[in-house]
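Topology and contacts: notes
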Amino acid sequence: MREASEDELNRWMERLAQGERNAFDPLFRALYPRALRFARVRVGPDRAADAAQSALERVFTRASEFTAGRPVLPWFYAVLANEVRAVARATQVRAEEAPALLWSDAPHDPERLLVERELHQALDTAIASLDAPAAEAIGALLGRTARPAIDAPAFRKRVSRAYARLRLLLGGSDGE
């Protein structure tokens, strides 16, 4: 079975956000494998199914909050990451240790590489939707571009504002 394209995912999510229930099944079938792969890498195979299920429940509960015209994958991965962290906390696995423990043994694991690729693509999509100064600030923070020729306090403020916009794009809030 082929993996759904990002355009298909975006259309299904927009339809679901508008209340079309028939978009649920294809969207669930497309997102569940991604959620499961991500969860396996983050919390291990024993808790992955619970984490993926919990994340998809949250995605579908919050579907009405999805903004039409925006890409679904950055929003999906932000919701997924929050839910996986919650599952890790609930099972008393320190979330910051889980990736190191799971990934240190298999740095070239195909699931890990796929998750990393999709996360980077989702982040790149979100950054590309920022205005040019904000995207430049985030790019410099990530070491992808040169730092803009502004003084340090102005750069920190630009990064702070860009980060706040990026969090909103990824489904978070200013206070989260």
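Residues numbered from 1 in each chain as written. Predicted model: local features only at pLDDT ≥ 70, side-chain atom pairs only at ≥ 80, totals over all residues. Heavy atoms only, no water.

Description of the pattern of salt bridges
Just so we agree on the cut-off: Every case where a carboxyl oxygen of Asp or Glu lies within 4 Å of a side-chain nitrogen of Lys or Arg is listed as a salt bridge. Here's how the labels work: a residue is buried when its accessible area is under 20% of the maximum for its type, exposed when over 50%, partly exposed in between, all with a 1.4 Å probe on protein chains only.
This structure, assessed with the given rule, holds 9 salt bridges. For Arg15, the salt bridge identified is with Glu20, shortest N-O distance 2.9 Å. On the basis of relative accessible area, Arg15 is assigned to the partly exposed category, the value being 26%. Judged by relative accessible area, Glu20 falls into the partly exposed class, the value being 32%. Salt bridges sharing partners connect three or more residues here, namely Glu3, Arg34 and Arg37.

Considerations on the side chain of Arg34
What counts is decided by this rule: Working definition: helices are DSSP H or I runs of at least four residues, strands are E runs of at least two. Numbering for both runs from the N terminus. Two N or O atoms count as a polar contact when they lie within 3.5 Å, although within protein this holds only if one can serve as hydrogen donor and the other as acceptor, and sequence-adjacent residues are included solely when both atoms are side-chain atoms. For this analysis, residues touch if any pair of their heavy atoms sits within 4.5 Å.
Within the fold, Arg34 resides in helix H2 (residues 24–43). What makes Arg34 buried here is its relative accessible area of 3%. Here Ala30 takes part through its backbone oxygen, which lies 3.3 Å from a polar atom of the side chain of Arg34. Other than its neighbours up to four places away in sequence, Arg34 contacts Glu3, Ala4, Leu9, Leu73, Phe76, Tyr77, Leu80 and Glu118.

Concerning the environment of Ala81
Topologically, Ala81 is positioned in helix H4 (residues 72–90). With 29 residues separating them along the chain, Ala81 and Ala52 place their C-alpha atoms 10.0 Å apart.

A short note on the packing of aromatic side chains
Heads up, the condition is: Any two of the Phe, Tyr and Trp rings considered here, Trp counted by its six-membered ring, make a pair once their centres fall within 6.5 Å; the pair's planes then place it as stacked at under 30 degrees, edge-to-face at over 60, or tilted in between.
The full count for this structure, using the stated rule, is 7 aromatic pairs. For the pair Phe28 and Tyr32, a centre-to-centre distance of 5.5 Å together with 20 degrees between the ring planes defines the contact as stacked. A residue pair is termed a helical-turn pair when its members lie 3 or 4 positions apart in one helix, as Phe28 and Tyr32 do in helix H2 at 4 residues. Of the residues examined, Phe28 reaches a relative accessible area of 24% and is grouped as partly exposed. With centroids separated by 6.3 Å and ring planes inclined at 35 degrees, the aromatic side chains of Phe28 and Phe60 adopt a geometry described as tilted.

Some details on the confidence of the model for the protein
Going by this rule: What pLDDT reports is the predictor's confidence in each residue, on a scale of 0 through 100.
On average, residues of the protein score 80 in pLDDT, and 85% of them reach the 70 mark or higher. Looking at the elements of the protein, mean pLDDT is at its lowest for helix H5 (residues 98–103), recorded as 46, and at its highest for helix H1 (residues 6–17), recorded as 92. Low pLDDT, under 50, characterises residues 98–104; the predicted model gives this stretch 15 contacts beyond four residues in sequence or across chains.

A short note on the environment of Ile127
Along the chain, Ile127 falls in helix H6 (residues 110–128). As for Ile127 and Leu170, which are separated by 43 residues in sequence, their C-alpha atoms are 9.9 Å apart. Excluding residues within four positions of it along the chain, Ile127 makes contact with Ala135, Ile138, Leu142, Arg144 and Leu166.

Observations regarding helix H8 (residues 152–169)
Which entries qualify depends on this criterion: By definition here, a helix of n residues has an expected span of 1.5 Å times n minus one. Think of it as the arc spanned by the lines of direction from the helix axis to the C-beta atoms.
Its 18 residues place the ends of H8 25 Å apart at the C-alpha level, agreeing with the 26 Å of an ideal helix rising 1.5 Å per residue. Listed in full, the buried residues belonging to H8 are Phe155, Val159, Ala162, Leu166 and Leu169. For H8, the angular spread of buried residues about the axis comes to 80 degrees, placing them on one side.

Brief notes about the nonpolar core
Threshold: Think of a nonpolar core as a cluster: buried Ala, Val, Leu, Ile, Met, Phe, Trp, Tyr and Cys residues, connected wherever their side-chain atoms sit within 4.5 Å.
Within the largest apolar cluster, 37 residues are counted, with the highest numbers of intra-cluster contacts made by Leu9 and Phe76. Breaking this core down by element, the ones donating at least two residues are H1, H2, helix H3 (45–61), H4 and H6. Among the elements that make up this core, the one with the highest residue count is H4 (11 residues). Excluding residues within four positions of it along the chain, Phe76 makes contact with Leu31, Arg34, Ala35, Leu56 and Val59. Counting residues in each nonpolar core, the second largest holds 10 residues, with Ala78, Ile127, Ala134 and Leu169 among its members.

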